[in-house]
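# Observations on the three-dimensional arrangement
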Amino acid sequence: HLLTSRQFMVGAGFLLVTLLTLLPASGHLVGGGRHPASRIRAPGARADGAAAAPTFESKLRHFAPAADLPALRTEAARLENDLQSAVEEQDFAAAAMLRDDISQLRQKDPAFLASNLRERLEALVRRESYGEAATTRDQLLVLRRFQPQYQLAGLWKGGYPNHGEATVKIHYEGDTLVAVKMTGDEHVPAGETTFRADLTTPWQEGASVEEIDEEELVGVRVEVVSVGSDGSEQREVERYHGEGRVAARGFQHAHYVPGQLILVEPDTIGFLWQQMGIFVVFNREQDGPGEMMIEQRAVDA
């Protein structure tokens, strides 16, 4: 049920925030229907389907551009739904084709390789194979260069409803992005975390109801629409599960609520306090002499 919408100008496009009431009892999210599976051959694969095991370095060369990753993941999620339907219908020929297509898409996604490496790292540590574990850890660090969600450290400025502009500083604690307020307000003061997000797994638009927490089925959906001279077009963006800080005046009863980190452009991100319908757009600030002054104010506060 469409309740209302708001628009934010972001560079040459609009950021459209649409408020929806989504009811878990509806059963299933509406998705795309079955479609012919595309036939994509992996670089270096032979016509008979055999291929040499790729090295870590060769896998890096096959990644899709960062701007293409959201659409790639949406397509992979859609194919996975089709695969599940094909298996249920015992259409095993279609299922085999879909499985191969999903595999080809995953080879282009650094997040999928990172997930596999994290699982491998945990297994190596359990086996006390610390030499191989160190190599795997280093590979995970290299992969961060190919993942936009790990390129956000620094200062960002956003406009909080009823509080005006505020500067936050983003840093990382492992695979968790943490945004700390450098300029605070009467609810969340400077020096406190305003939001955080788990970067290990991108949020999937095409996930089934069973895979989504009930808390996330009610609230706000964010759509990014590019507007140009030839019309408008909805654009896929990267999203990550997060938590936003809320508190009463004087930082009383502070706690986290479900949220979503949204990567709009390289220098524009947004965070959604989902059930509250609060969405804040942040623009990257250039680090400079002002950063020391902001940090000093945060310490003084």
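Being a predicted model, the structure only gives us computed values, none of them experimental.

## Quick word on the pattern of salt bridges
- A complete count under the given rule lists 15 salt bridges for this structure.
- Taking the shortest distance from any N to any O, the salt bridge between Arg73 and Asp109 comes out at 2.8 Å. Here Arg73 is found in helix α2 (residues 69-88), whereas its partner Asp109 is found in the loop between α3 (92-107) and α4 (110-126), with 36 residues between them in sequence.
- When its relative accessible area of 7% is taken as the criterion, Arg73 is described as buried.
- Overall, Asp109 belongs to the buried group, its relative accessible area being 8%.
- For Arg137, the salt bridge identified is with Asp138, shortest N-O distance 3.2 Å.
- Given the relative accessible area of 37%, Asp138 is considered partly exposed.
- Ionic contacts of the salt-bridge type, sharing partners, join the residues Arg73, Asp109 and Glu238 into one network.

## A word on unusual backbone geometry
- For Glu128, which is not glycine, the phi torsion reads 60° and is therefore positive.
- Mapped onto the elements, Glu128 comes out in the loop between α4 and α5 (130-143).
- Residue Glu128 is classed as exposed on the basis of its relative accessible area of 56%.

## Things to note about the side chain of Arg245
- Checked against the element boundaries, Arg245 lands in strand β9 (residues 238-248).
- Arg245 gets classed as buried once you look at its relative accessible area, which sits at 15%.
- Not counting residues up to four positions away in its chain, the partners in contact with Arg245 are Val188, Glu192, Thr193, Thr194, Phe251, Ala254, His255, Tyr256 and Trp273.

Criteria and cut-off values
- Per chain, residue numbering runs from 1 following the sequence as it is written.
- Predicted model: local features are reported for residues with pLDDT of at least 70 only, side-chain atom pairs are reported and counted for 80 or more only, and whole-chain, interface and lining totals are derived from all residues.
- Only hydrogens and water are removed before side-chain values are computed, so all heavy atoms of the structure are retained for them.
- One side-chain nitrogen of Lys or Arg within 4 Å of one carboxyl oxygen of Asp or Glu is enough to make a salt bridge.
- Where helices and strands are cited, they refer to DSSP runs of H or I of at least four residues and of E of at least two residues respectively, numbered from the N terminus.
- Burial classes: relative accessible area under 20% of the type maximum marks a residue as buried, over 50% as exposed, and values in between as partly exposed (1.4 Å probe, protein chains only).
- Residues count as neighbours in contact if any of their non-hydrogen atoms are within 4.5 Å of one another.

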